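This is what each chain is made of:
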Amino acid sequence: MKVLVFDSYEEMSAAGAEIICEQLKNKPNSVLGLATGSTPIGMYDALAEECKKGNADFSKVTSVNLDEYYPISPDNKQSYRYTMNSTLFDHINIDINKTHVLDGMTNDPDKTCKAYDEFIDSIGGIDLQVLGIGNNGHIAFNEPDEWLEVGTHKTALTESTMQANARYFSADEVMPTHALTMGIGSIMKARKIIILINGAKKTDALKKMLSGKLSTDCPASMLQLHPDVTVICDRAAYGE
Ligand code: F6R
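Residues numbered from 1 in each chain as written. Predicted model: local features only at pLDDT ≥ 70, side-chain atom pairs only at ≥ 80, totals over all residues. Heavy atoms only, no water.

Chemist: Report on the overall build of the protein, specifying residues and quantitative values.
Modeler: Along its length, the protein carries 8 helices and 10 strands. The globule rule puts the C-alpha radius of gyration for 240 residues at 18 Å, and the 17 Å found for the protein is close to it. The buried share of the protein, taken over its 240 residues, is 52%. Here the contacts in the protein between residues at least 6 apart in sequence split such that 78% fall between residues at least 24 apart. On the protein, roughly 11000 Å² of surface is accessible, and the fraction owed to carbon and sulfur atoms is 51%. Taking the 22 positively charged and 33 negatively charged side chains of the protein as two groups, their mean positions are separated by 5 Å. (Helix = DSSP H or I, 4+ residues; strand = E, 2+ residues; numbered from the N terminus. Rg over C-alpha atoms; globule rule 2.2 N^0.38 Å. Buried < 20%, exposed > 50% of the residue type's maximum accessible area, 1.4 Å probe, protein only. Contact = heavy atoms within 4.5 Å. Areas by Shrake-Rupley, 256 points an atom, 1.4 Å probe, with all protein chains shown as cover. Lys, Arg positive; Asp, Glu negative; His and termini not counted. Charge placed at Lys NZ, Arg CZ, Asp CG, Glu CD.)

Right under this line is the structure:
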């Protein structure tokens with residue numbers, strides 16, 4: 001894995017945006033795999049800026065998001081569909097019909113998840129996948145467990161993830177206990193991966209991810225098997 005360490009969140013966000021702009025220059029009709037959460041927000045802001053300046057063209061891009069809470073309506077402000085629209089899609093020239101987020105309202109999660117993997121395969125796979133990492137080492141919502149799922153699937157959120165994400169939900173909002181998520185195999189099929197990591201609370205997860213050992217206790221450690229991963233982190237996350 002290539003590891004890039006930056007002094008600030010702003011610098012790492014700019015570096016991530018630069019990689020995506022480069023990807024779009026080389027392949028305007030790229031399939032981008034996208035993540036939600038707080039980490040990529042700075043990069044999404046930078047991309048919106050580049051798009052405004054004419055340095056990034058998303059008109060031919062197809063996007064697929066990693067995950068979605070379950071159950072949740074796309075109109076719910078906490079849903080990842082709503083979040084993607086408001087943090088990125090509303091600010092760039094992407095065709096909204098070519099943006100894909102797992103359906104948090106489906107009556108048949110298994111069918112929806114299987115169809116998501118089939119859809120990604122049918123459009124030629126993901127060219128560039130953006131990831132964040134959970135404090136517990138999760139990627140997408142592949143949580144630490146005895147085993148990891150290969151394909152897209154429904155999963156229960158761990159106590160640690162529920163606590164970490166509680167900050168987004170107000171007291172009167174019910175936080176979903178489950179999610180639909182791309183599996184480790186779905187993620188590993190991406191041709192290129194960037195993983196953004198900031199803040200000292202992620203240091204343990206980052207260390208385990210780079211440890212040279214694979215463990216289902218740290219799902220991100222599986223990325224060590226991928227041939228093209230760039231870790232983009234700040235000094236606080238990288239540690240001493
Ligand atoms: C979100 C996702 C999650 C987050 C992770 C980090 O789509 O897949 O794995 O990347 O929980 O979240 P933040 O960036 O909020 O610390």
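Still to come is the rest of the account.
Chemist: Hey, could you go over the sheet that holds strand S2 (residues 31–34) for me, with residue numbers and the actual values?
Modeler: In a beta sheet, neighbouring strands pair by backbone hydrogen bonds and run either parallel or antiparallel. Read from one edge of the open sheet, 7 strands run S1-S10-S9-S6-S2-S3-S5, paired in parallel fashion. The sheet is open, and its two borders are formed by strand S1 (2–6) and strand S5 (99–100), each paired with just one other strand. Note: S1 against strand S10 (residues 229–234), 5 bridges, orientation parallel. Of the residues in S10, the one forming a bridge with Leu 4 is Ile 232. (Pairing = 2+ DSSP bridges.)

Chemist: Got a sec to walk through the sheet that holds strand S4 (residues 67–70)? Specific residues and values, please.
Modeler: On the basis of which strands lie adjacent, the open sheet formed by 3 strands has the order S4-S8-S7 and antiparallel pairing. With one partner strand each, in any of the chains shown, S4 and strand S7 (153–156) form the two edges of the open sheet. Along the sheet, successive strands turn relative to each other by an average axial angle of 30°, direction set aside. Set on the sheet, helix H4 (residues 109–122) makes contact with S4, S7 and strand S8 (178–181); between it and S7 the angle comes to about 125°. (Axes fitted to C-alpha atoms, helices over the stretch in contact; angles between N-to-C directions.)

Chemist: With reference to specific residues and values, describe H4.
Modeler: In a regular helix each residue adds 1.5 Å, so 14 residues correspond to 20 Å; H4 covers 20 Å between its end C-alpha atoms and thus fits that length. If you check which residues of H4 are buried, you get Pro 109, Thr 112, Cys 113, Tyr 116, Asp 117 and Ile 120. Looking straight down H4, one finds that the buried residues subtend no more than 135° of arc, so they occupy a single side. Counted as exposed and oriented over 90 degrees from the buried face of H4: Asp 110, Lys 111, Lys 114 and Ser 122. Elements in contact with the buried residues of H4: strand S3 (62–65), S4, S5, S7, S8 and helix H6 (184–188). (Expected span 1.5 Å × (residues − 1). Arc of directions from axis to C-beta.)

Chemist: Tell me about the packing of aromatic side chains, and please be specific about residues and values.
Modeler: This model, assessed by the stated rule, comprises 4 aromatic pairs. Pairing Tyr 69 with Phe 169 gives two aromatic rings, centres 5.6 Å apart and planes at 75°, and the pair type is edge-to-face. One end of the pair, Tyr 69, is in strand S4; the other, Phe 169, is in the loop between helix H5 (159–165) and S8, with 100 residues separating them in the sequence. The burial state of Tyr 69 is the same as that of Phe 169; both residues are buried. Between Tyr 80 and Phe 141, the aromatic rings sit 6.1 Å apart at their centres with planes inclined by 15°, giving stacked as the arrangement. Pair noted here: Tyr 80 is in helix H3 (residues 80–87) and Phe 141 is in the loop between strand S6 (128–131) and S7, with a separation of 61 residues, a long-range link. (Phe/Tyr/Trp six-rings, centres within 6.5 Å; stacked < 30°, edge-to-face > 60°.)

Chemist: Tell me what's going on with the pattern of salt bridges, and back it up with residues and numbers.
Modeler: The tally for this structure, following the rule as stated, stands at 8 salt bridges. When the shortest N-O distance is used, the salt bridge between Arg 235 and Asp 7 registers 2.7 Å. Residue Arg 235 is located in helix H8 (residues 235–238), and its partner Asp 7 is located in the loop between S1 and helix H1 (9–26); the two are separated by 228 residues in the primary sequence. We classify Asp 7 as exposed; its relative accessible area is 55%. In this structure, a network of salt bridges that share partners links the residues Lys 27, Asp 127 and Arg 191. (Salt bridge = Lys/Arg side-chain N within 4 Å of Asp/Glu carboxyl O.)

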